[in-house]
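# Structural overview for review
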Amino acid sequence: MGGPVYGTALVRAPSSRLAEGIVTHRARSPLDVALAREQHAAYAEALAAAGWVIEPVPAAEDCPDSVFIEDTVVVVEDLAVLTRPGAVVRRAEVGGVAQAVAMLGLRTARIEGPGTLDGGDVLQAGTTVYVGRGGRTNADGIRQLRSLLAPLGRTVVAVPLGKVLHLKSAVTALPDGTFLLLPDLVPAALFPAVRPVEEEGGCHVVPLGGDRVLIATSAPRTAGLLESLGFTPVVVDITEFEKLEGCVTCLSVLLPAR
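These numbers were taken from a predicted model, which means no experiment stands behind them.

Calculation criteria
Sequence order as written defines residue numbering, which begins from 1 separately in each chain. Predicted model: local features are reported for residues with pLDDT of at least 70 only, side-chain atom pairs are reported and counted for 80 or more only, and whole-chain, interface and lining totals are derived from all residues. Based on all heavy atoms of the structure, the side-chain values leave hydrogens and waters out of the count. By salt bridge we mean one thing: a side-chain nitrogen of Lys or Arg within 4 Å of a carboxyl oxygen of Asp or Glu. Numbering goes from the N terminus for both helices and strands, where a helix is a DSSP run of H or I of at least four residues and a strand is a run of E of at least two. Accessible area is worked out with a 1.4 Å probe on protein chains only. A residue is then buried under 20% of its type maximum, exposed over 50%, and partly exposed in between. DSSP bridges decide pairing: two strands pair if at least two such bridges lie between them. Under this scheme, a helix contributes an axis fitted over its contacting stretch, all axes are lines through C-alpha atoms, and angles between N-to-C directions fall in the 0 to 180 degree range. In this description, contact between two residues means that some pair of their heavy atoms is separated by no more than 4.5 Å.

### Observations regarding the pattern of salt bridges
Applying the stated criterion to the full structure yields 13 salt bridges. With a closest N to O distance of 2.7 Å, D71 and R90 form a salt bridge. One end of the pair, D71, is in the loop between β2 (52-57) and β3 (73-76); the other, R90, is in the loop between β4 (79-82) and α2 (94-103), with 19 residues separating them in the sequence. R90 carries the same exposure label as D71, and that label is buried. Where D118 meets R136, a salt bridge forms, and the shortest distance between an N and an O atom there is 3.4 Å. Residue D118 is located in the loop between β5 (107-110) and β6 (122-125), and its partner R136 is located in the loop between β7 (128-133) and α3 (139-149); the two are separated by 18 residues in the primary sequence. For R136, a relative accessible area of 10% puts it in the buried group. A single network of salt bridges, built from pairs that share partners, joins D71, R90 and E93.

### Quick notes on the sheet that holds strand β12 (residues 206-209)
Taken in spatial order, the three strands line up as β12-β13-β14 in an open sheet, and their pairing is mixed. Edge positions in the sheet fall to β12 and β14 (232-236), since each of these pairs with one other strand and no more. Between one strand and the next, the sheet's axes are offset by a mean angle of 35°, whatever the strand orientation. Strand direction decides the pairing type here: β12 and strand β13 (residues 212-216), joined by three bridges, are antiparallel. Across the sheet, residue V206 finds its bridge partner in β13, namely L214. Lying on the sheet, helix α4 (residues 220-228) is in contact with β13 and β14; it crosses β13 at an angle near 170°.

### Section: the sheet that holds strand β9 (residues 171-173)
Pairing in this open sheet of three strands is mixed, and the strands run β9-β10-β11 from one edge to the other. A single partner strand is all that each edge strand has here, and the edge strands are β9 and β11 (194-196). Between one strand axis and the next, the sheet turns through 25° on average, direction left out of account. One ladder, built from three bridges, connects β9 with strand β10 (residues 179-181); its direction is antiparallel. Bridging from a neighbouring strand, V171 pairs with L181 of β10.

### A word on the environment of R146
Tracing the chain through its elements places R146 in helix α3. A relative accessible area of 35% places R146 in the partly exposed class. Residues R146 and V129, 17 residues apart in the sequence, show an inter-C-alpha distance of 8.9 Å. For R146, the contacting residues outside a window of four places in its chain are V156 and A158.

In structure tokens:
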């Protein structure tokens, strides 16, 4: 690889039942599973090229949405918080991820019922952890996460969501402390420094270390904005996952080297 190694990236190959995945806020459209597998492999290759060691979690064939691994676990320092997804059919996804994080030596804790929490609703920015309160994450889940992360010096800020699946479907953070945000979906006033974007795919980015930022091909104008700000966009094609309201954040869990 030649460059720095930033940490480990958990990924999970798409199930052959991917086309049955849940669609909440958009119309269902035909999905090509073979193309999705190609796109997923290219996504993992992009992470590897940017300095992340790929750790595949065994596929979950009976779980159509299992490729969206981010929703199953929230990692803060050495603690892996295993979630309790808001969609009941997705709770079976957590077991395989629990085994993977335990094998990597992380401490584990669990969100317990009646709390629900999806990892896609959790946005970490320094010592502040923003958590979307919407269709998948409830108040009890937020309370439990707050108590689990307080000993690690984290402050949890709850964010009410509009008509959007997850918090990170509407806002993500850049390495410079600013936030890319899609207006009307989340209250911009809760974030310290906002850069509004117009493209839906433009508010989903993953900082990869250094000046590299992962972004989807569906947001070319935002990629151009990032370049003008001195970042290096790493552009990946995830059209098949976008049909299921997925984005670049959902397809991996990055564990920075400690």
